[in-house]
Each structure stands twice: as C-alpha cells, then as structure tokens.
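# Per-entry structural report
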Amino acid sequence: MINKCFEVRVLTLFPEMFPGPLSYSLAGKASEKNIWSLKTVNIRDYATDKHKTVDDEPYGGGPGMVMRPDILGKAFDKNNPNSKWKKIILTPRGKPLTQKMVKDISSKPGAVIVCGRYEGIDERFISSRSLEEVSIGDYVLSGGEPAALILIDSIVRLLSGTIGSSDSLIEESFENNLLEHPHYTRPYEWEGMKPPAVLLSGNHREIEKWRKNIALEDTKKRRPELLISEKK
Ligand code: 6GU
C-alpha cells in the first residue's frame, strides 16, 4: 500500500535551513513514517581553496556574485544517485511551478534540488547537468531555500500514505484548473452570518452543484487565466 521512500537531496549553502517547517504537520509525520527522507549537502564542502570560495564576479561586469560551475558540478556529481530522479534548480528565471509539475516530480523515486544563491548561477552548470529550472512565482527571494521548502512540501503531501483520504486530494484547488469552493463549519451562526442553506439541506446532488458553480464563478473572478490554460 505504501510506496518506497521518496528521497530528497538538497544542495545548498545553508543546510541549517532544513528541514525547518518540513519537520512539522503532514510532512513531519510523513517523514517519521519513512514516506520520504531528506539529505542536505553543503555546497561549500566542495570548495577547493582555503577560503572555501563558492562564487566569483560575473563576466561582463555588473552587481553581485555568481555561483561557480566547478564547485556546483562537483557537489552535484557526488550526490546524483539515480538517473530516474528529477533534477531541479530553483531560480527566479525558471519555469513557474504548477500542480502538474509537482505531480510529475512525486511520481519519481526521488529528487535532487539545487538552491541558487547570490545573483546567479553559472549557466554552464545548469545546461551540462540537464537541470530543470523552476521558479515558485513572479517575485524575487534572496535564495532558493524557501522555494525548496515549498516545493518539497507540495511533493510530500501527494505521496501515498501522507494524507489519510485520497478524496482530499481529488477535491482541492487546481484540480480541473479550478479553485476549490469555499468552506463553512460550526458555529451555525457567527457575527450574524449563517452558512449557505444548501449546505445544510442534506441534498448531496444540490450541494455538489452549488460547489461546482461557486468554484467556477470564483475562478472566473480571481484567476481567469486558469480557465484558458492547458489541462493540468
Ligand atoms: Cl526558486 N529563487 C529565488 N531566488 N527567487 C524566486 C524563486 C526562486 N522563485 C520565485 N522567486
């Protein structure tokens, strides 16, 4: 019933940032159950000079520093266990992460995730190791580490055994390119507001109809681009 342990290997200059939030809640419990495991690799351990340099000035000039391909290459080659694993580098230049991509990653036996830092990463490292560049959205973080925590969380919750009922995965946002319907619970009346009457009707067909309709209306209002984009 439970699949083989999904292995995550994170290459980072800040291994202390892990597992961080991933040791709590669903991901934390799933890791205790050996549904997934995490190993961090400190890129700096592969530096060769006495100052443990991992970056240098950009060719062509400009602000900031660029991560060196030789150090990254060595760190990656020593920690790249299996050709079936997904190989990802997190940078704001990457393809925006979608639930479809998360599903694809979670179907593999594991993932190597490289966290970008400083102003950039030497392009030769990215292309020579065939890494997929992924971004978590159109804003800039100071590094790939918070993005890696988010990516790993999104993968782990799809692994078999992490979430009790697979129904919770079928109904949620981004399935069928729709946002999920809104939710209500007790108390029945709060600050003068009551839940929509249909939800207390006991008529499951009507409830389903109401939820589908409001999901579609909310998606049109908030995320119209989801309705015209390709199937997830
Ligand atoms: Cl993956 N890294 C950084 N530094 N900034 C980002 C990002 C990644 N995704 C969105 N912004």
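This is a predicted model, so every value here is computed, not measured.

## Observations concerning the sheet that holds strand 2 (residues 36-42)
Strand order in the open sheet formed by 5 strands is 2-1-6-5-8, and the pairing between neighbours is parallel. On the outer flanks of this sheet lie strand 2 and strand 8 (132-135), each paired with one strand and no other. Mean inter-strand twist for the sheet, computed between neighbouring axes without regard to direction, equals 30°. The sheet contact formed by strand 5 (residues 86-96) and strand 6 (residues 110-115) spans 5 bridges and is parallel. The partner of Leu90 across the bridge, within strand 6, is Cys115. Relative to strand 6, helix 2 (residues 69-77) is tilted by about 160°, and along the sheet it contacts strand 1 (6-12), strand 5 and strand 6. Of the strands in this sheet, strand 1, strand 2, strand 5 and strand 6 touch helix 5 (residues 145-156), which is tilted by about 165° from strand 6.

## Description of the environment of Pro92
The topology assignment puts Pro92 in strand 5. Along the primary structure Pro92 and Ser135 are separated by 43 residues, whereas in three dimensions their C-alpha atoms are 4.9 Å apart.

## A few points about the side chain of Arg117
Topologically, Arg117 is positioned in the loop between strand 6 and strand 7 (120-121). Overall, Arg117 belongs to the buried group, its relative accessible area being 13%. A distance of 3.5 Å separates the side chain of Arg117 from the backbone oxygen of Ser142, its partner in a polar contact. There is a polar contact of 2.9 Å between the side chain of Arg117 and the side chain of Glu145. Arg117 has contacts with Leu13, Phe14, Met17, Met67, Ser142, Gly143 and Glu145, leaving out every residue within four places of it along the chain.

## Quick word on the nonpolar core
By size, the foremost hydrophobic cluster in this structure holds 30 residues, and its most contacted members are Phe6, Trp36, Leu90, Ile113 and Ile152. If you list the elements that add at least two residues to this core, you get strand 1, helix 1 (25-32), strand 5, helix 3 (99-106), strand 6 and helix 5. Ranked by the residues each element gives to this core, the list is headed by helix 5, at 7 residues. Aside from chain neighbours lying at most four places away, what touches Ile152 is Val8, Val10, Phe18, Leu22, Trp36, Leu38 and Ile113. Residues Tyr46, Ile71, Val114 and Leu131 belong to the second largest nonpolar core, which totals 20 residues.

Quick notes on the rules
Residues numbered from 1 in each chain as written. Predicted model: local features only at pLDDT ≥ 70, side-chain atom pairs only at ≥ 80, totals over all residues. Heavy atoms only, no water. Pairing = 2+ DSSP bridges. Helix = DSSP H or I, 4+ residues; strand = E, 2+ residues; numbered from the N terminus. Axes fitted to C-alpha atoms, helices over the stretch in contact; angles between N-to-C directions. Contact = heavy atoms within 4.5 Å. Buried < 20%, exposed > 50% of the residue type's maximum accessible area, 1.4 Å probe, protein only. Polar contact = N/O pair within 3.5 Å; in protein donor to acceptor, adjacent residues only side chain to side chain. Core = buried A, V, L, I, M, F, W, Y, C linked by side-chain atoms within 4.5 Å.

Note that every value here comes from positions in space, so none of it alone points to a role or purpose.
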